Amino acid sequence: MKTILCKATIIILFCVFGAGCSTRSIQEAEKQYLVTIADLQQYGVELNHKASGESFEVTKFFDSSQEIEYEYDSDNDPKNKLSLYLSSCVEIHNSERAAKDAFKNTIAGYKLGTFITPNGVDIKAAENLFTLGDDNYSAYYVSNGNKGGNIISTRKDKVVYSFILSGLYFDDKESLHELIAPKLNKVINSKKWLGSNSV
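Below or above, wherever it landed, is the structure these notes cover.

Reading the values: rules and limits
Residues numbered from 1 in each chain as written. Predicted model: local features only at pLDDT ≥ 70, side-chain atom pairs only at ≥ 80, totals over all residues. Heavy atoms only, no water. Phe/Tyr/Trp six-rings, centres within 6.5 Å; stacked < 30°, edge-to-face > 60°. Helix = DSSP H or I, 4+ residues; strand = E, 2+ residues; numbered from the N terminus. Buried < 20%, exposed > 50% of the residue type's maximum accessible area, 1.4 Å probe, protein only. Lys NZ or Arg CZ within 6 Å of the ring centre and 35° of its normal. Core = buried A, V, L, I, M, F, W, Y, C linked by side-chain atoms within 4.5 Å. Contact = heavy atoms within 4.5 Å. Lys, Arg positive; Asp, Glu negative; His and termini not counted. Salt bridge = Lys/Arg side-chain N within 4 Å of Asp/Glu carboxyl O. Polar contact = N/O pair within 3.5 Å; in protein donor to acceptor, adjacent residues only side chain to side chain. Pairing = 2+ DSSP bridges. Axes fitted to C-alpha atoms, helices over the stretch in contact; angles between N-to-C directions.

Points about the packing of aromatic side chains
Then step 1. For the coordinates displayed, the defined rule picks out four aromatic pairs.
Then step 2. Measuring from ring centre to ring centre gives 4.9 Å for Phe56 and Tyr70, while their planes differ by 55 degrees; the resulting arrangement is tilted. A residue pair is termed long-range when its members are at least 10 positions apart, and Phe56 in strand S2 (residues 54-61) and Tyr70 in strand S3 (residues 66-73) qualify at 14 residues.
Then step 3. Residue classification places Tyr70 among the buried residues on the basis of a relative accessible area of 0%.
Then step 4. Lying across the ring of Phe56, Lys31 places its NZ or CZ 4.6 Å from the centre.
Then step 5. It is Lys147 that lies over the ring of Tyr140; its NZ or CZ is 4.2 Å from the centre.

Here it is, written out as structure tokens:
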């Protein structure tokens, strides 16, 4: 499936949340919080070279909340024969209320993304496909009736974690939990981000 819906979703979310912000390069230690293309190798993605379609960025917003984001696009990785798009994103907010609001707005952004994509591309809810957070949203990207990717968003305490995948999809809860849970837990347990009151 084409990656256009994924990219449209990212653009919409940036328009909603991107005002009044500054960016910086990611620190090496921060990469451990993100699902990357290398993490997908255990699920059948062959990567026999250093991926060239990766990008990392850290954004700080006007309210001091921060976002750590990873993106991989096979269109920018000529050695990869797969058509694959992956985005993982960690949002660290100042309060649980702010995180709840951000979670709701993120889901609205996903749904809005379907209105600016070609006909036949849609989002189909997948209830209980991911259940580790205090709030959870999971769905499939569907093109002409065929599953082509996943959307996962979860909120735990003051953290919102999002995972977008196209060109490959997960159909079982255990694999998604196995993939995302270690990353999410590292953020939750990091005093650097959440302070001494983190869960």
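Concerning the nonpolar core
Across soluble globular proteins, you tend to see nonpolar side chains buried next to one another.
Then step 1. In terms of nonpolar packing, the biggest core is built from 33 residues, with Ile37, Leu40, Ile68, Val90, Phe163, Leu176 and Ile180 touching the most fellow members.
Then step 2. Going through the elements one at a time, S3, strand S4 (85-92), strand S6 (135-143), strand S8 (159-166) and helix H3 (173-188) are the ones with two or more residues in this core.
Then step 3. Considering every element that reaches this core, the biggest residue donor is H3, with six residues.
Then step 4. Those residues in contact with Ile180 that lie beyond four places of it in its chain are Val35, Phe130, Ile152, Tyr161 and Phe163.
Then step 5. Among the nonpolar cores identified, the runner-up in size contains 13 residues, and Tyr85, Ala99, Ile107 and Tyr137 belong to it.

A look at the side chain of Glu91
Then step 1. Following the sequence through the fold, Glu91 ends up in strand S4.
Then step 2. The side chain of Glu91 sits in the buried core without any salt bridge; Arg155 is the nearest counter-charge, 11 Å away.
Then step 3. Of the polar contacts made by the side chain of Glu91, one reaches the side chain of His93; its length is 3.0 Å.
Then step 4. For Glu91, the residues in contact, after removing those within four places along its chain, are Gln66, Glu67, Ala102, Thr106, Lys158, Val159 and Val160.

Re the sheet that holds S4
Then step 1. The eight strands are arranged S1-S2-S3-S4-S8-S7-S6-S5 in an open sheet whose pairing can be described as antiparallel. Each end of this open sheet is capped by a strand with a single partner; those strands are strand S1 (21-24) and strand S5 (121-125). Direction aside, neighbouring strands of the sheet carry axes that sit 20 degrees apart on average.
Then step 2. Pairing of S1 with S2, which is carried by four bridges, proceeds in the antiparallel orientation. Looking at S2, one finds that Cys21 is bridged to Phe61.
Then step 3. Running over the sheet, H3 touches S4, strand S7 (146-156) and S8 and is turned about 150 degrees from S8.

Quick notes on unusual backbone geometry
What you tend to see is this: most non-glycine residues have negative phi, and most peptide bonds are trans.
Then step 1. Phi at Ser64 is positive, roughly 75 degrees, even though this residue is not glycine.
Then step 2. With respect to the helices and strands, the residue Ser64 is situated in the loop between S2 and S3.

A short note on the pairing of S2
When a strand is regular, its side chains alternate between the sheet's two faces.
Then step 1. Inspection of the sheet shows S2 paired to S3 by seven bridges, in the antiparallel sense. Paired with Phe56 across the strands is Tyr70, a residue of S3.
Then step 2. Counted between consecutive antiparallel strands, the loop separating S2 from S3 contains four residues, among which Ser64 sits at a positive phi close to 75 degrees.

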